[in-house]
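Structural description and commentary
Below, each chain spelled out in residue letters.
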Amino acid sequence: MAAGYNLIMPIHILPDQIASQIAAGEVIERPASVVKELIENAIDAKAKTISVEMRNAGKDLIIVEDDGVGISPEELTLAIARNATSKLNSAEDLFNIKTLGFRGEALASIASVARVSVKSRTADQLAGAQITSDGGVVSKPQPQASPRGTQVSVENLFFNVPARLKFLRADITENRQVTGLVTRYAMAYPDIRWKLKQDDKLIFQTTGRGDRREVLQVLFGSQDARSLMPLTFHEQDISIEGFVSDLSLTRSNRRDITIFVNGRWVQDPALTASVIKAYNTLLMVGRYPVVVLFISLPTEQVDVNVHPSKAEVRFRNSDQVFSTLQRAIKRGLLAYTPIPELNPASLWGMRDLPRQFEQETFKIEAQPIEIQKPKDSGLSLLTVPDQQTQPALPHQRLPLLRLVGQVALTYLIAEGPDGLYLIDQHAAHERVLYDQLVSELHANTLSSQKLLTSPTLELSQEKAGVMELNLTALHKIGFEIEPFGPNTYRILAIPEIFTKGDPKEAVNAVLNEFEEDETPLQAELEHRLAARICKRMAVKGGQALSDAEQRELLSRLEISPSPRTCPHGRPTMIHLSAALLERQFGRTGPI
Ligand code: ADP
Ligand code: MG
């Protein structure tokens, strides 16, 4: 039994081709891994332009073309051989790696699982040369006209490894993987002109002018891109640049935490954890930020030779890196926190409110209100703090009110310690709904109600476009809406506070009054939508309210931090102060 293995076959050195395939298994998992290796080679070759083209999700063809230093004809054969690299000489070099490649494995690995041809020309050659390898059988280099740089084409990927082919995901998934990869590299190397085509469709291209933002939009869409704040941070020999999401933009997984270390995209759990920690209590449990960060530090402080796919790194001083990273993110967040903290003053055009009001905005909690206990109810109207000492700020909280009743099915009348309140039921309800929605949104406690029957909305092409633009924001404020055929959507859930109203009407409020250029920030967009919908869903004038409903409305208004205006800035109430009444009745002066 001891010789069990030998019963199968004697120990032997694996033929190069098989060894290559085994090695390939570690790095070449899918079309995106081919693209990654090839663009890394192009970057190492100091390309200024890199174009990636693929067909049939990369299974039929992947072409990566660059205008880098090129490979001379006599080196072509070596380039494609295993463990052949121009980037590493000695074992010492391993600890000071400045290039993305160094293992000399990628081209050989790809060549062992596909048909590969490399065409290249260096600056000092007139004509270029080409070499092909068919499942590892390598041709002699042939002279071939070529622009300066290198073009690698990979055909029939995994033709000889059917198991791999079978494990590939749907084309759309594989394509998206490549898009995610190339866009991220385009962000990491904004000085390179990038171009990505999939099945003849131009997915994106960049100008190479060093602007990371242009790629950010491709990567996350323009809505989300607006919630990403630029970050630049230097501390000792570590520099951190990139983008971090404000608190309005989160994901349900960590996939949108992208970190590059010295120009290399790494997927390092410890680094990711460190980013999440920087957001600490700012995000709800189970929510993750969107982050694209580029960390640079001296090469000798990073060990990239941890894993064949080079996706993990080890830092010489990881504590320092992690804590610098967290400081950078926290600093960035601190500088921007005003954004998600809704300030209606700036939203609704009331810019000159006292600072202290802005700070207390939307901390919705009932404040203890000091009222003077009426000594005798008949005189309660007169025990009013003097108007001089307590100026009536337009947005001051309300005192406790006593409901008197409804007039003209439109106004509520209430009595407070400082006089009489005439309240517009529609504007007041609008305010109350809006406050609740926004406070739930900020506290991440927004509750949606699934609809038993999901109403469908058939929209015009244009309205469907508007819907598409607003889907994310609607989703954030508690609407669950999904495409349901061409230009058709169905509403699966709506915020709980609107369940008394018509879901279609709520959504239509957004679609019908949308103006494209009014989408400055994601957070602001959500609040605008919220305000619109609340307006539509609020009780109207002319609607009878039960006693309980009137009371409920009043007590909700009492806890609002800005009860005196609706979210659009119109007054919700008219206050007839006791002093005013006194004057009007000619009672001023000693009675
Ligand atoms: P590595 O990148 O780890 O060195 P590869 O197998 O990816 O290994 O590439 C082998 C060698 O081929 C590289 O070291 C480089 O000299 C050369 N090479 C590959 N791609 C390019 C390219 N696009 N431009 C110039 N040289 C290249
Ligand atoms: Mg390489």
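Residues numbered from 1 in each chain as written. Chains lettered and ligands numbered in written order. Predicted model: local features only at pLDDT ≥ 70, side-chain atom pairs only at ≥ 80, totals over all residues. Heavy atoms only, no water.

1. Some points on the overall build of the protein chain
Within the protein chain one finds 18 helices and 26 strands. Looking at the protein chain residue by residue over its 591 residues, the buried ones come to 48%. Considering only residue pairs separated by 6 or more positions, the protein chain has 69% of its internal contacts joining residues 24 or more positions apart. Here the protein chain displays about 29600 Å² of accessible surface, and carbon together with sulfur accounts for 52% of that area. (Helix = DSSP H or I, 4+ residues; strand = E, 2+ residues; numbered from the N terminus. Buried < 20%, exposed > 50% of the residue type's maximum accessible area, 1.4 Å probe, protein only. Contact = heavy atoms within 4.5 Å. Areas by Shrake-Rupley, 256 points an atom, 1.4 Å probe, with all protein chains shown as cover.)

2. Section: the pattern of salt bridges
Going through the model one piece at a time under the given rule, you end up with 18 salt bridges. R327 is paired through a salt bridge with E235; the nearest N and O atoms lie 2.5 Å apart. With a gap of 92 residues between them, R327 in helix α10 (residues 318-336) and E235 in strand β10 (residues 228-235) connect regions that are remote in the sequence. Note on R327: relative accessible area 39%, which makes it partly exposed. Among the charged side chains, a salt-bridge network with shared partners connects R184, D224, R251 and D256. (Salt bridge = Lys/Arg side-chain N within 4 Å of Asp/Glu carboxyl O.)

3. Quick notes on the site of ligand 1
Near ligand 1 there are 19 residues, and of these D66, T85, S86, K87 and G104 occur at the shortest range. Take A106: an N or O atom from its main chain is 3.2 Å from an oxygen atom of ligand 1. At a separation of 3.3 Å, a nitrogen atom of ligand 1 approaches a polar side-chain atom of T150. Relative to its unbound accessible area of 530 Å², ligand 1 is 93% covered by the protein chains. Counting only elements with at least two residues in the shell around ligand 1, the list comes to α3 (31-44) and α5 (106-112). Within the shell around ligand 1, the residues separate by chemical class into eight nonpolar, seven polar and four charged. (Near = heavy atom within 4 Å. Polar contact = N/O pair within 3.5 Å; in protein donor to acceptor, adjacent residues only side chain to side chain. Nonpolar A, V, L, I, M, F, W, Y, C, P; charged D, E, K, R; others polar.)

4. Regarding the packing of helix α13 (residues 425-442) against helix α17 (residues 547-558)
The N-to-C vectors of α13 and α17 enclose an angle of 55 degrees; their axes lie 9 Å apart at closest approach. In terms of their interaxial angle, α13 and α17 are classed as oblique. Crossing angle aside, the handedness with which α13 passes α17 is left-handed. Residue-level contacts link Q425, A428, H429, R431, V432 and Q436 of α13 to L553, R556 and L557 of α17. Class assignment for the residues of the contact of α13 with α17 results in four nonpolar, three polar and two charged. (Axes fitted to C-alpha atoms, helices over the stretch in contact; angles between N-to-C directions. Parallel < 35°, antiparallel > 145°, perpendicular 65-115°, else oblique. Left-handed = near helix turned anticlockwise from the far one by under 90°.)

5. Notes on the confidence of the model for the protein chain
Per-residue confidence for the protein chain gives a mean pLDDT of 81, with 83% of residues at or over 70. Overall, residues 337-395 carries pLDDT values under 50, and its contacts beyond four positions in sequence, including any with other chains, amount to 94 contacts. In the predicted structure, residues 516-520 sits below a pLDDT of 50 and forms nine contacts with residues beyond four places in sequence or in another chain. (pLDDT = per-residue confidence, 0-100.)

6. Comments concerning the nonpolar core
Membership of the largest hydrophobic core comes to 59 residues, with the highest contact counts inside it found for I39, I50, V116, V154, V182, Y185 and W194. Not counting chain neighbours up to four residues away, the residues in contact with V116 comprise I80, I110, A111, I131, T132, S133, V152, S153 and V154. (Core = buried A, V, L, I, M, F, W, Y, C linked by side-chain atoms within 4.5 Å.)

7. Notes on the sheet that holds strand β13 (residues 257-261)
Pairing within the open sheet is mixed, and its five strands lie in the order β10-β11-β16-β13-β14. Of all strands in the sheet, those with a lone pairing partner are β10 and β14 (264-266), marking the two edges. On average, each strand axis in the sheet is tilted by 20 degrees relative to the strand beside it, whichever way the strands run. Sheet analysis places β13 next to β14, joined by three bridges and oriented antiparallel. Residue pairing in the sheet places F260 in a bridge with W265 of β14. Across the face of the sheet, helix α8 (residues 213-226) comes into contact with β10, β11 (238-245) and β16 (291-296) while running at roughly 125 degrees to β10. (Pairing = 2+ DSSP bridges.)

8. Here we look at unusual backbone geometry
Leave glycine aside and you will find that most residues have negative phi; peptide bonds, for their part, are mostly trans. For K46, which is not glycine, the phi torsion reads 60 degrees and is therefore positive. You can see K46 is positioned in the loop between α3 and β1 (49-55). A positive phi is found at Q236, a non-glycine position, where the angle reads about 50 degrees. Locating Q236 in the fold gives a position in the loop between β10 and β11.

9. What about α17?
Every α-helix winds through 3.6 residues per turn, so residues three or four apart in the chain are directed the same way. Over its 12 residues, α17 runs 17 Å from end to end, which matches the ideal 16 Å to within 8%, given 1.5 Å per residue. Residues of α17 that are buried include every one of Q550, L553, L554, L557 and E558, and no others. Seen along its axis, α17 keeps its buried residues to an arc of 140 degrees; they face one direction. Among the structural elements, β19 (402-407), β20 (411-416), β21 (419-424), α13 and β26 (573-577) are those in contact with the buried residues of α17. (Expected span 1.5 Å × (residues − 1). Arc of directions from axis to C-beta.)

10. Thoughts on helix α15 (residues 503-512)
Among all positions in α15, only P503, A506, V507, A509, V510 and L511 are buried. You can read the cap of α15 off the contacts: a side-chain oxygen lies 3.0 Å from the backbone nitrogen of K504, and it is on D502.

11. Looking at the sheet that holds β26
An order of β19-β20-β21-β26 is seen for the four strands of this open sheet, with the pairing classed as antiparallel. Only two strands of the sheet have a single neighbouring strand rather than two, namely β19 and β26. Each adjacent strand pair in this sheet contributes to an overall mean axis angle of 20 degrees, direction not counted. The pairing of β20 with β21 spans six bridges and is antiparallel. Within β21, the position partnered with E415 by the bridge is L420. Each of β19, β20, β21 and β26 touches α17; the most contacted strand, β19, lies at about 125 degrees to it.

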